[in-house]
Amino acid sequence: MDQLTRFLSGGVPGGFWPYFAATLILLFVYFFVMRYSEVVHKKNFRKVIFGIIGLIYITYIPVRLARPPKPTNVYVGILPLQWARVSLDSTEIRSQSEWSGAGWGLSEMTVAIGEKVSPGHLHFLRPEWLTQSIDSITDEISSDTGKLFTWARLVKLDYLVSGTFDIEKTQIRARYVLWDTHQEIKLREFEERLNKDSFPADIEKISKALATEIFTVADEDADWKKNEGNDYKSGRISSYFWGRSLLASNRVDSALAVFQMTLKADSTSPLGWLGTGLAYGEKMIAEKNEKDREIFRKRFELHLKRSSQLSEQFELPLINLAWYYCFIKPEPRYLDAEFAMLAANGLYGRDYQVYHILSFMQKMRWESFGMPSKEAILLRALEINPAGFETYLELGREYMSRSRGNDIWIRKALEQYQIAIKMKPKDWRAILSLAQAADLMGSYDYAIDLLIRAQRIFPDKADVYYNLGIMYQHKAEVFKQKRQFKEETEQNIKAEANFIKTVEINNSAYAHLYLGYIYDRMNKREDAIREFRLVMKLLSPKDPYREEARKKLREYFPDVEG
């Protein structure tokens, strides 16, 4: 039925249903008049009604033919191959050998080939997009097919490649499988050998063969003429892949050392400059010292610009420049980011990062990409990359900003956050966002359960206890309105315990303020005064919550506190 509706609707604004509804209404009027009317000239009335219906479809058919239905989006993911052995020897190799990036390399190169030649509705998800969509893509998820398919369907993958590789004396042996994630069946199984001496040529050959197999099983055509030029032609490509795999596992210093080694061996390779720039960018983000941060900023910018200069058709340096320009602190460089995004989009128009970055910019910049609203931008980003964890969070925030309480927008936000937390169950931002959405919906028990789970993950995080205290406070307010004083007191005691834990970890003025309110309701005068006075000391005179504490103190001491 869905396929039939999609075929009939095509790309016509509003689809087939408005025309169909208009036809039904006209037919109802026709049969009603023909049966019950005694004054209408029925022959002429019949001509008018069927003339209008004919006009509707004479209008609709050319519009439908001019706007055929868009092809259904198809998503392909290629996980970086995992190590086949888990022994001391293989661990030592993994930390020291440049060939340990071969598993990442097969994934990145296949995607690089596939995204160049694929039609617009067939999306190859880059390996970094996949690895960022889950807390960690480990040997466990790759070997457990149940978990693998659950995750793959969550990020809407239609086809998935996973597998293992091992290093022998002079060869790398790769075993991988192409899966249909919907039917959970194995479509193809491969075993390939890559010789270390001919690694660049071998990995390109295998990647192209894998991309061809994907096009075959998906019944899609590839435009192989677009696969001209290859930014991966470098004698040190194995070192670059090694560095990318280290960067994906957050081993930034090791990755930087490997990229620098790659650059020394081949200073004309855009890959070496790209990798080194990415590593400097990560170091810049983590650096606290402003002087060192500025040094890393200059280095990352220099290296990424040099990479794009060496290959004008290489999109990755440009989009990463835009990413860092937009999120650089303390002063984002939105104009530079926009120029880099336009250049990247001109080379490859299906990079979700373009739209994710655009959503943080001013509305005037959306026009450059023909986007009408932030919601449309973020939905486009997720259409390209349904594994975009950060985008789900941002779309949820956008819906939250529109909400005025328990309404349709808060429910939409909840949907986005639920997807995000399934991707990363241990991510604090996802947990807190989902808890806050549940709080606005009045689902306090659900929010509290989420935060108690977060407490087990982050036992020393003050924000967990602070938000738990707030949830218990909101629950207490419900019991207060119902005049259930015993239950209200129980919730206040729980809130008090969490706020006390908050100030033990982090002497938060806002937690002291909540404690003051709790003690005020419990008629603990001395404790309430102590807490409100602490708020006065900790907050600046400009903070509006300081005024709240002062008002409460005036109630106790109308002639003294000022």
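See the structure above.
All of the points below concern the structure found in this document.

About the thresholds
Residues numbered from 1 in each chain as written. Predicted model: local features only at pLDDT ≥ 70, side-chain atom pairs only at ≥ 80, totals over all residues. Heavy atoms only, no water. Core = buried A, V, L, I, M, F, W, Y, C linked by side-chain atoms within 4.5 Å. Buried < 20%, exposed > 50% of the residue type's maximum accessible area, 1.4 Å probe, protein only. Contact = heavy atoms within 4.5 Å. Axes fitted to C-alpha atoms, helices over the stretch in contact; angles between N-to-C directions. Helix = DSSP H or I, 4+ residues; strand = E, 2+ residues; numbered from the N terminus. Parallel < 35°, antiparallel > 145°, perpendicular 65-115°, else oblique. Left-handed = near helix turned anticlockwise from the far one by under 90°. 1 Å grid on protein atoms, 1.4 Å probe; cavity = no way out; pocket = protein on both sides within 12 Å on 5 of 7 lines; lining within 4 Å. Points joined across faces, edges and corners; volume = space filled by probe spheres on them. Nonpolar A, V, L, I, M, F, W, Y, C, P; charged D, E, K, R; others polar. Pairing = 2+ DSSP bridges. Expected span 1.5 Å × (residues − 1). Salt bridge = Lys/Arg side-chain N within 4 Å of Asp/Glu carboxyl O. Patch = residues over 30% accessible without salt bridge, like charges linked within 9 Å, V, L, I, M, F, W, Y side chains within 5 Å. Areas by Shrake-Rupley, 256 points an atom, 1.4 Å probe, with all protein chains shown as cover.

## Points about the nonpolar core
Within soluble globular proteins, side chains that are nonpolar generally end up buried alongside one another.
Line of reasoning, step 1. If you look at the biggest cluster of nonpolar residues, it comprises 149 residues, and the most contacted ones within it are Trp151, Leu157, Tyr176, Phe199, Tyr232 and Phe241.
Line of reasoning, step 2. Those residues within four positions of Leu157 in sequence are excluded, and the remaining contacts are Tyr75, Val76, Gly77, Leu125, Leu130, Trp151, Ala152, Thr181 and His182.
Line of reasoning, step 3. Formed by 8 residues, the second largest nonpolar core is a distinct cluster that contains Leu26, Val33, Met34 and Ile53.

## Side note on the packing of helix α19 (residues 389-402) against helix α21 (residues 428-440)
Pairs of packed helices are described in terms of their axes, by the angle between the two and the distance that separates them.
Line of reasoning, step 1. As a packed pair, α19 and α21 sit with axes 11 Å apart at the nearest point and diverge in direction by 25 degrees. Considering their axes alone, α19 and α21 lie roughly parallel with respect to each other. Note on packing geometry: the crossing formed by α19 with α21 is left-handed. Where α19 abuts α21, its residues Phe389, Glu390, Leu393 and Met400 lie against Arg429, Ala430, Ser433, Gln436, Ala437 and Leu440.

## Some words on empty space enclosed by the protein
Line of reasoning, step 1. Evaluation of the coordinates by the stated rule reveals 1 cavity of 30 Å³ or more.
Line of reasoning, step 2. Empty space within the largest cavity amounts to approximately 60 Å³.
Line of reasoning, step 3. If you trace the largest cavity, you find it lined by Leu81, Ala102, Gly103, Leu106, Phe165, Ile172, Ala174, Leu194, Ile203 and Ile206.
Line of reasoning, step 4. For the lining of the largest cavity, the element with the highest residue contribution is helix α5 (residues 102-117), accounting for 3 residues.
Line of reasoning, step 5. For the lining of the largest cavity, the residue count by class is 9 nonpolar, 1 polar and no charged.

## Considering the pairing of strand β6 (residues 185-195)
Line of reasoning, step 1. Across 10 bridges, strand β5 (residues 171-180) lies against β6 in antiparallel orientation. Opposite Ala174, over in β6, you have Glu192 as the bridge partner.
Line of reasoning, step 2. In sequence, β5 turns back onto β6 through a hairpin of 4 residues, with Glu184 there showing a positive phi of about 55 degrees.

## Topic: helix α9 (residues 199-217)
Line of reasoning, step 1. Relative to the 27 Å expected for 19 residues at 1.5 Å per residue, α9 spans 27 Å between its end C-alpha atoms, a close match to the ideal helical length.
Line of reasoning, step 2. Three or more residues of α9 are buried, namely Phe199, Asp202, Ile203, Ile206, Ser207, Leu210, Ala211, Ile214 and Phe215.

## Considerations on the layout of surface pockets
Line of reasoning, step 1. The calculated volume of the second largest pocket comes to roughly 650 Å³.
Line of reasoning, step 2. Every residue lining the second largest pocket is counted, 30 residues in all, and those nearest its centre are Ala112, Glu115, Lys116, Asp231 and Gln313.
Line of reasoning, step 3. Listed by contribution, the elements that provide at least two residues to the lining of the second largest pocket are α5, α6 (127-131) and α14 (315-327).
Line of reasoning, step 4. Looking at which element gives the most residues to the lining of the second largest pocket, the answer is α5, with 7 residues.
Line of reasoning, step 5. Along the lines of polarity and charge, the residues of the lining of the second largest pocket split into 11 nonpolar, 8 polar and 11 charged.

## Describing unusual backbone geometry
Across the chain, the bulk of peptide bonds are trans and the bulk of non-glycine residues have phi less than zero.
Line of reasoning, step 1. The phi torsion at Asp219 lies on the positive side, around 55 degrees, for a residue other than glycine.
Line of reasoning, step 2. When you line up the elements, Asp219 lands in the loop between α9 and α10 (237-248).
Line of reasoning, step 3. A positive phi angle, near 65 degrees, is found at Asn523, a position not held by glycine.
Line of reasoning, step 4. Looking at the secondary structure, you find Asn523 in the loop between α25 (509-521) and α26 (525-538).
Line of reasoning, step 5. Residue Asn523 is classed as exposed on the basis of its relative accessible area of 68%.

## As for the environment of Ser37
Line of reasoning, step 1. Inspection of the secondary structure puts Ser37 in the loop between α2 (17-36) and α3 (42-66).
Line of reasoning, step 2. Since its relative accessible area comes to 15%, Ser37 is described here as buried.
Line of reasoning, step 3. When the C-alpha positions of Ser37 and Arg126 are compared, they lie 66 Å apart, and in sequence the two are 89 residues distant.

## Here's the deal with the pattern of salt bridges
Line of reasoning, step 1. In total, this model carries 31 salt bridges according to the counting rule given.
Line of reasoning, step 2. Here Glu168 makes a salt bridge to Arg193, at a shortest N to O gap of 3.2 Å. Taken together, the residues span a long stretch of sequence, with Glu168 in the loop between β4 (159-167) and β5 and Arg193 in strand β6 at a distance of 25 residues.
Line of reasoning, step 3. A relative accessible area of 29% means that Glu168 is categorised as partly exposed.
Line of reasoning, step 4. A salt bridge links Arg333 to Glu301; its shortest N-O distance comes to 3.0 Å. Here the residue Arg333 occupies a position in the loop between α14 and α15 (334-347), and Glu301 occupies one in helix α13 (residues 290-310), the gap between them amounting to 32 residues.
Line of reasoning, step 5. Put simply, Glu294, Arg297, Glu301, Lys305, Arg333 and Asp336 are held in one network by salt bridges that share partners.

## Description of the side chain of Glu338
Line of reasoning, step 1. As for its position among the elements, Glu338 is in helix α15.
Line of reasoning, step 2. The exposure class of Glu338 is buried, given its relative accessible area of 8%.
Line of reasoning, step 3. Residue contacts for Glu338: discarding those within four places in its chain leaves Met361, Arg365 and Ser368.

## Considering a nonpolar patch on the surface
Line of reasoning, step 1. A contiguous nonpolar patch, built from Ile25, Phe28, Val29, Phe32 and Tyr36 and spanning about 550 Å² of accessible area, is present on the exposed surface.
Line of reasoning, step 2. Its location among the elements puts Phe32 in helix α2.
Line of reasoning, step 3. You can call Phe32 partly exposed: its relative accessible area is 46%.

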